[in-house]
Amino acid sequence: MSEIDKLLDQHGKAITEVYLDWENGSKIEKEVLDAMIPFYLDRKFGNPAITHRFGWETYDFYIGAKKTIAEPLNINPQSLAITQSFTESNNLAIKGIVRANKKKKKIILSEVEHLSVIHSAKSLYAEGVKVEIIPVSNDGVVNTDILQEKLDDDTLLTSIQAVNHEIGTIQPVKEAYEIVKDKNEDIIFHTDATSAFGRIPLDYSKLEVDLATISSDRILGPKGIAGLYVKEGIKIRPLYEGQLSVEILSPDVENSPLLAGFAKAVELQFARFDEIKRETSRLRDKLLYGFQTTIPRTDINGPQGNNRAPDNVNISFLGCEGEALTVESSMKGIYASSGSACTSRVLMPSHILTAIGRKPEEAHGSLLMKLTRINTEKEIDYVLETMPKVIERIRSITGGISL
Amino acid sequence: MSEIDKLLDQHGKAITEVYLDWENGSKIEKEVLDAMIPFYLDRKFGNPAITHRFGWETYDFYIGAKKTIAEPLNINPQSLAITQSFTESNNLAIKGIVRANKKKKKIILSEVEHLSVIHSAKSLYAEGVKVEIIPVSNDGVVNTDILQEKLDDDTLLTSIQAVNHEIGTIQPVKEAYEIVKDKNEDIIFHTDATSAFGRIPLDYSKLEVDLATISSDRILGPKGIAGLYVKEGIKIRPLYEGQLSVEILSPDVENSPLLAGFAKAVELQFARFDEIKRETSRLRDKLLYGFQTTIPRTDINGPQGNNRAPDNVNISFLGCEGEALTVESSMKGIYASSGSACTSRVLMPSHILTAIGRKPEEAHGSLLMKLTRINTEKEIDYVLETMPKVIERIRSITGGISL
Amino acid sequence: MSSRIPLPYAPRVLELFQNPQNLGRMEDATIVASAGSPACGDMIAFYLKIDDSDTITKSSFESYGCASNIAAASQLTIMIENKTLEEAWNFTWNDVSEALGGLPKVKTHCGSLAVGALRRAVRAYFKEITKASPGWLPGDLTKDEKHALEEEALAEKLGKKYKLL
Amino acid sequence: MSSRIPLPYAPRVLELFQNPQNLGRMEDATIVASAGSPACGDMIAFYLKIDDSDTITKSSFESYGCASNIAAASQLTIMIENKTLEEAWNFTWNDVSEALGGLPKVKTHCGSLAVGALRRAVRAYFKEITKASPGWLPGDLTKDEKHALEEEALAEKLGKKYKLL
Ligand SMILES: Cc1ncc(COP(=O)(O)O)c(C=O)c1O
Ligand SMILES: Cc1ncc(COP(=O)(O)O)c(C=O)c1O
């Protein structure tokens with residue numbers, strides 16, 4: 001019996017399990033897997049550029065799958081680059097634009113961007129790039145006045161996410177886009193829409209962002225595939241080199257099974273888009289306000305109502321340390337993550353919670369739960385019924401320590 | 001009916017199908033898929049760094065899977081970075097070493113490296129890197145005398161593949177490694193072992209290369225996952241940035257199902273390593289010499305016997321253009337690729353065939369077939385029986401054109 | 001455009017590849033010309049049988065080339081049957097491509113090679129057989145001829161550059 | 001090393017997290033001390049009941065911290081029961097970690113915080129209660145104490161730097 005087996009044994013396994021840690025890892029539905037299996041076992045795994053029946057079959061599938069994924073965004077499928085993760089898409093957007101456009105040197109980001117955006121930008125310091133960070137309000141909303149101020153003739157790229165991944169803030173992308181383009185049509189506008197795609201309506205034929213990141217695993221598609229919309233005419237360099245393949249921006253041969261899964265996840269999410277939006281919003285509010293009414297000293301992180309992504313629940317339990325919270329919840333079968341320093345691989349609290357002005361002890365006591373199309377009311381009831389006990393026990397350990 | 005459906009209709013579908021284009025796309029066995037499914041549908045898809053039961057279960061699996069993959073190489077599992085493709089591994093090896101070691105500027109490669117190695121190196125010209133290309137013999141063997149000559153105090157990195165992916169040449173890696181380290185212990189030695197892993201014996205505890213690329217899809221594991229062995233102590237920078245994750249060299253969250261598939265493919269390949277090696281070698285020679293005896297004007301590309309990778313068949317049919325060959329073969333149910341300019345996405349013949357001194361008309365008439373553990377004798381018999389007719393028809397179209 | 005979509009062949013290409021019309025050496029050809037180069041992996045020989053009124057009564061081809069190359073040559077032989085040389089001259093690579101249902105862009109040269117070979121044959125006919133150039137025949141090389149020649153030049157350059165790839 | 005493998009807890013950590021021994025405020029403590037800071041998300045209060053022969057007859061803790069923090073504090077209270085202050089003083093973070101089956105490296109500070117708090121309590125006892133320092137008590141801060149203090153200093157720095165991340 002390995003040490004971890006013993007740990008799991010000690011931990012035990014709750015009879016009821018509710019997985020809400022979708023931000024950190026996701027499964028897929030049987031239906032999505034079924035869409036992938038033929039490509040693993042049977043056909044259409046060929047290289048779509050090779051001149052034989054397998055290649056042509058793959059090509060046919062490939063074109064169709066890209067169309068399916070592009071459709072809800074109302075973009076030309078050919079403008080959608082397929083990548084291997086939203087992290088890669090964000091790196092490609094930031095580094096690819098900088099390396100293809102050497103004249104201007106300034107990138108403007110919001111303070112609450114995903115670390116893949118922030119770190120990509122900062123990694124370019126060595127190449128002479130300047131990075132300006134726009135602060136946010138207490139709800140995490142980007143300050144567009146400051147954006148306006150920071151824009152100048154040296155500005156190459158602005159990157160503002162569509163929805164914040166941790167606190168669910170829906171950003172004023174349209175407004176930011178217009179401010180940027182009013183200043184100078186040539187400034188490139190990227191939006192990381194990873195946490196928005198499938199959650200809130202997006203139409204890039206109307207809101208003409210230049211680049212947009214989307215991901216499969218965030219809508220219960222398989223991990224290992226994502227997208228970057230690149231508007232026609234935008235100059236961008238690939239991140240890595242190799243053979244020429246169908247994807248100009250990636251030298252890897254197309255991954256049919258993952259693409260099939262991505263396309264199926266898009267179908268499932270958008271076929272019931274309104275219903276999923278309504279249902280997750282309802283469960284989200286049931287959780288948020290349920291916690292607030294049954295558990296003292298709680299604080300909602302991020303905005304409320306229509307300004308919040310339908311799938312996002314993030315709440316701070318004062319007097320609780322978050323890692324202890326995730327462990328105690330886990331023992332009751334509830335799986336979530338925390339912005340606490342102790343749950344991360346580096347011991348720093350979430351940069352997003354500190355950006356919205358949360359005090360450290362608030363950030364450390366936060367719990368992030370996400371809702372997907374496969375979460376049920378029964379699960380939420382169980383969480384609401386169980387969490388007061390979890391919080392109570394953790395607070396009993398904190399005791400009288402004054403924070 | 002789409003245009004492609006009509007094309008496929010026109011093409012027809014042979015009753016017997018033999019897929020040999022493993023270099024360009026591969027499927028997986030039911031057993032490999034079965035190993036992946038639980039991670040898609042059930043458990044252990046969590047983030048292995050998160051402190052809850054799902055995270056710990058994933059962690060446990062993760063450690064075990066890396067051990068399985070590292071074992072046949074006799075390396076410490078912690079030294080194995082998980083990447084998303086061998087193309088990424090090669091990019092990481094070349095660019096990651098250059099960006100972490102800024103003092104020395106010269107990279108030495110062989111002329112027959114995979115394009116991901118060659119293009120990665122050349123993409124660094126802008127960063128002041130010099131690239132020296134070592135020629136090869138008519139069998140594709142790296143000229144170690146010239147390697148010796150090119151090594152100097154400015155040399156940072158040497159990259160010599162273990163087995164050539166197109167013509168199956170087994171390179172004298174041990175000799176090259178010793179020449180390099182004799183010159184200077186600090187010169188880093190990378191080997192792209194993509195086409196060697198699982199085909200020829202490799203033991204990196206004995207032959208202490210510094211970096212080695214391996215891939216899942218080349219041993220019938222799922223696509224989207226690969227590895228880079230990085231010897232303890234080697235300084236290397238990641239290719240892209242994001243959140244910190246278990247993999248120091250990749251910010252993406254670990255992809256459990258693909259890792260499970262990779263590990264299963266390694267198990268299947270190495271459990272029967274000797275048998276697979278013997279069987280594929282036998283089928284390889286049956287094909288090579290079968291073609292030579294039944295079809296006039298053929299030339300084997302690459303070395304023969306023990307100097308050739310067991311899975312590699314590459315043969316030039318003079319008087320045939322390769323793309324026409326792949327199409328005609330396809331109509332008979334045989335799927336292979338060609339080094340012809342016309343089959344590639346850019347109209348250039350294979351850089352490997354030209355490196356070994358093949359005349360253009362020889363390169364254009366080449367056919368690459370690979371053998372895996374799931375190819376059967378019956379398939380090979382069908383190919384041998386069918387190809388003479390294929391060649392005859394293509395030659396009848398060429399007619400008397402003098403080449 | 002972030003993806004490079006090389007359209008596969010239209011069905012007509014495959015049809016002519018499978019069943020090439022007017023394939024093969026013509027022993028009694030009035031004139032023969034070829035275009036392309038084995039270095040590029042594409043070569044066409046074009047045979048014409050021409051009657052006294054400058055009409056093509058029969059034509060045929062041989063091809064060392066890809067499926068589009070073969071189909072384009074075959075398609076062109078069909079198109080020029082019983083056409084006058086002037087009518088035949090006026091078929092462009094675009095006409096051939098259209099008749100084939102649209103060739104993928106990377107295959108442009110395969111179509112233009114057939115047209116190039118035909119026009120060479122026509123020029124050769126007037127130069128070597130009738131020894132008089134009709135008014136409609138341009139003195140300078142046309143676009144499609146140049147394209148075919150470019151291919152040949154490229155082939156030579158490639159041949160020399162191979163080792164430098 | 002190309003992968004960062006953060007070892008999960010040993011089972012003993014979870015055992016003590018689930019069932020912490022000697023948890024809670026001690027109303028009649030001889031001395032109490034705390035270490036850590038809420039900014040770092042880790043704080044410990046340590047209560048000691050000490051008899052006339054400088055022996056710890058009872059100890060308890062409160063923790064605002066992660067599972068390792070809680071387990072380390074609890075483990076230390078078990079280890080020092082009925083030990084003299086000198087014996088108790090000599091337990092290092094290493095001893096605690098070992099008793100817990102090995103703490104993950106990133107969790108070093110959780111173990112050292114418990115030790116830091118205990119040593120603070122011991123120093124406070126001699127300073128405030130007996131008002132005489134025994135010979136075995138080092139004048140300078142020990143490694144584990146410094147570690148705990150560093151955490152506190154880091155916390156303050158972080159607090160100020162947050163906006164600069
Ligand atoms: C056309 C083409 N593109 C790209 C690649 C790179 O392969 P991968 O996707 O495994 O990195 C290959 C490898 O054979 C290829 O044939
Ligand atoms: C710990 C960690 N690492 C990395 C990532 C990046 O995710 P991906 O693998 O989808 O790019 C995330 C995203 O949530 C994360 O939580």
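Residues numbered from 1 in each chain as written. Chains lettered and ligands numbered in written order. Predicted model: local features only at pLDDT ≥ 70, side-chain atom pairs only at ≥ 80, totals over all residues. Heavy atoms only, no water.

A.B. asks: Lay out the overall build of chain C with the relevant residues and their values.
C.D. replies: When helices and strands are counted, chain C shows six helices and three strands. Counting helices and strands in the order they occur from the N terminus, chain C gives α-β-β-β-α-α-α-α-α. Considering only contacts within chain C whose residues lie at least 6 apart along the sequence, 64% involve residues at least 24 apart. Entry remark: accessible area of chain C is about 7,100 Å², with carbon and sulfur atoms responsible for 51%. (Helix = DSSP H or I, 4+ residues; strand = E, 2+ residues; numbered from the N terminus. Contact = heavy atoms within 4.5 Å. Areas by Shrake-Rupley, 256 points an atom, 1.4 Å probe, with all protein chains shown as cover.)

A.B. asks: Tell me about the domain arrangement of chain A, and please be specific about residues and values.
C.D. replies: Residues and elements named next belong to chain A. Domain assignment breaks chain A into domain 1 (3-20 + 273-398) and domain 2 (30-270). Using only C-alpha atoms to locate each centre, domain 1 and domain 2 end up separated by 28 Å. Contact residues are listed per partner, giving 25 residues for domain 1 and 30 residues for domain 2. At the boundary of domain 1 with domain 2, total buried surface from both sides reaches about 2,200 Å², with 58% on carbon and sulfur atoms. There are one salt bridge connecting domain 1 and domain 2. For the interface between domain 1 and domain 2, the tally reads twelve residue pairs in polar contact (both at pLDDT 80 or more). Tallying contributions element by element places helix H11 (residues 351-355) first for the side of domain 1 that touches domain 2, with four residues. A per-class count over the side of domain 1 that touches domain 2 returns eleven nonpolar, nine polar and five charged. (Domains from an automatic or database assignment. Buried area = accessible area lost by both parts, 1.4 Å probe. Salt bridge = Lys/Arg side-chain N within 4 Å of Asp/Glu carboxyl O. Polar contact = N/O pair within 3.5 Å; in protein donor to acceptor, adjacent residues only side chain to side chain. Nonpolar A, V, L, I, M, F, W, Y, C, P; charged D, E, K, R; others polar.)

A.B. asks: Describe the site of ligand 1, listing the residues and the values that go with them.
C.D. replies: By nearness alone, 17 residues border ligand 1, and Asp252(A), Val253(A), Asn24(B), Thr87(B) and Lys223(B) come closest of all. Between ligand 1 and Glu23(B) there is a distance of 3.0 Å, counted from an oxygen atom to a backbone nitrogen or oxygen. Burial of ligand 1 by the surrounding chains reaches 95%, relative to a free accessible area of 390 Å². Here the shell around ligand 1 is built from residues that sort into four nonpolar, seven polar and six charged. (Near = heavy atom within 4 Å.)

A.B. asks: Describe the sheet that holds strand E7 (residues 211-215) of chain A, and please don't skip the residues or the numbers.
C.D. replies: Residues and elements named next belong to chain A. Spatially, E2-E8-E7-E6-E5-E3-E4 is the arrangement adopted by the seven strands of the open sheet, whose pairing is mixed. Of all strands in the sheet, those bounded by a partner on one side alone are strand E2 (80-83) and strand E4 (130-134). Direction aside, the axes of adjacent strands within the sheet are offset by 20 degrees on average. For E7 and strand E8 (residues 226-230), the ladder comprises five bridges, and the chain directions are antiparallel. What sits directly across from Thr213, in E8, is Leu228. Helix H7 (residues 173-183) rests against strand E5 (155-159) and strand E6 (188-192) of the sheet, and its axis sits at about 165 degrees to E6. (Pairing = 2+ DSSP bridges. Axes fitted to C-alpha atoms, helices over the stretch in contact; angles between N-to-C directions.)

A.B. asks: Outline the relation of the copies chain A and chain B, listing residues and values.
C.D. replies: After a rotation of 180 degrees and a shift along the axis of 0.0 Å, chain A superposes on chain B with an RMSD of 0.0 Å. As the rotation angle and translation indicate, the two copies are arranged about a two-fold axis. The C-alpha atom lying nearest the rotation axis in chain A is that of Gly224(A); the distance is 3.2 Å. With an isologous cut-off of 70% or more, the 100% of interface residues of chain A that recur at the interface of chain B puts this contact in the isologous class. (Least-squares fit on C-alpha atoms with pLDDT ≥ 70 in both.)

A.B. asks: If you had to explain the interface of chain A and chain B to someone new, which residues and values would you point to?
C.D. replies: Between chain A and chain B, the residue contacts involve 78 residues of the former and 78 residues of the latter. Of the roughly 6,900 Å² buried between chain A and chain B, counting both surfaces, carbon and sulfur atoms make up 60%. Taken together, the connections running from chain A to chain B amount to four salt bridges. In this structure, the salt-bridge partner of Arg43(B) is Glu17(A), at a minimum N-O distance of 2.9 Å. Put simply, chain A and chain B have 26 residue pairs in polar contact (both at pLDDT 80 or more) between them.

A.B. asks: Now, about the side chain of Arg199(A): what can you tell me, with residues and values included?
C.D. replies: All names here are of chain A. Tracing the backbone through its elements, the reader meets Arg199 in the loop between E6 and E7. A distance of 3.4 Å separates the side chain of Arg199 from the backbone oxygen of Ser195, its partner in a polar contact. Side-chain polar atoms of Arg199 contact the backbone oxygen of Phe197, separated by 2.9 Å. Among all residues touching Arg199, those that are not within four sequence positions of it are Thr194, Arg218, Ile219, Gln269, Phe273, Lys277, Pro310 and Asp311.

A.B. asks: Outline the packing of aromatic side chains, listing residues and values.
C.D. replies: Per the counting criterion, the structure on display carries 32 aromatic pairs over all chains. Where Tyr19(B) meets Trp22(B), the ring centres are 4.9 Å apart and the plane angle is 80 degrees; that geometry is what we call edge-to-face. Here Tyr19(B) matches Trp22(B) in class, with each residue buried. Each member of the aromatic cluster is reached from another via a ring pair, and the members are Tyr19(A), Trp22(A), Tyr335(A), Phe45(B) and Phe54(B). Positioned above the aromatic ring of Phe17(D) is the side chain of Arg393(A), whose terminal nitrogen or guanidinium carbon lies 4.8 Å from the ring centre. (Phe/Tyr/Trp six-rings, centres within 6.5 Å; stacked < 30°, edge-to-face > 60°. Buried < 20%, exposed > 50% of the residue type's maximum accessible area, 1.4 Å probe, protein only. Lys NZ or Arg CZ within 6 Å of the ring centre and 35° of its normal.)

A.B. asks: Quick one: what's the story with the state of the cysteines, residue by residue and with numbers?
C.D. replies: When the sulfur atoms of two cysteines share a covalent bond, that bond is a disulfide. Within this structure, the stated rule accounts for zero disulfides over all chains. This cysteine, Cys320(A), is not joined by any disulfide, and Cys66(D) carries the nearest cysteine sulfur, 14 Å off. Judged by its relative accessible area of 0%, Cys320(A) is buried. In this structure Cys66(D) comes out as buried when scored by relative accessible area, which is 0%. (Disulfide = S-S within 2.5 Å.)

A.B. asks: Account for the packing of helix H9 (residues 273-294) of chain B against helix H13 (residues 377-398) of chain B, with residues named and values stated.
C.D. replies: How two helices pack is summed up by the angle between their axes together with the distance between the axes. Residues and elements named next belong to chain B. At a minimum axis separation of 10 Å, H9 and H13 run at an interaxial angle of 15 degrees. Taken together, the axis directions place H9 and H13 in an arrangement best described as roughly parallel. Considering only the axes of H9 and H13, their crossing is right-handed. Contacts from Arg282, Leu283, Lys286, Leu287, Gly290, Phe291 and Thr294 of H9 reach H13 at Glu377, Ile380, Asp381, Val383, Leu384, Met387 and Pro388. Residue classes in the contact of H9 with H13 are distributed as eight nonpolar, two polar and four charged. (Parallel < 35°, antiparallel > 145°, perpendicular 65-115°, else oblique. Left-handed = near helix turned anticlockwise from the far one by under 90°.)

A.B. asks: Any details on the sheet that holds strand E2 (residues 42-50) of chain D? Residues and values, ideally.
C.D. replies: Residues and elements named next belong to chain D. Strand order in the open sheet made by the three strands is E1-E2-E3, with antiparallel pairing throughout. Each edge of the open sheet is held by one strand with a lone partner, namely strand E1 (31-37) and strand E3 (56-64). In this sheet, neighbouring strand axes are inclined to one another by 15 degrees on average, regardless of whether the strands run parallel or antiparallel. Two elements, E1 and E2, share seven bridges in a ladder whose sense is antiparallel. Counterpart to Ser34 in the pairing with E2 is Ala45. Along the sheet, helix H5 (residues 108-130) contacts E1 and E2; its crossing angle with E1, the most-contacted strand, is approximately 145 degrees.

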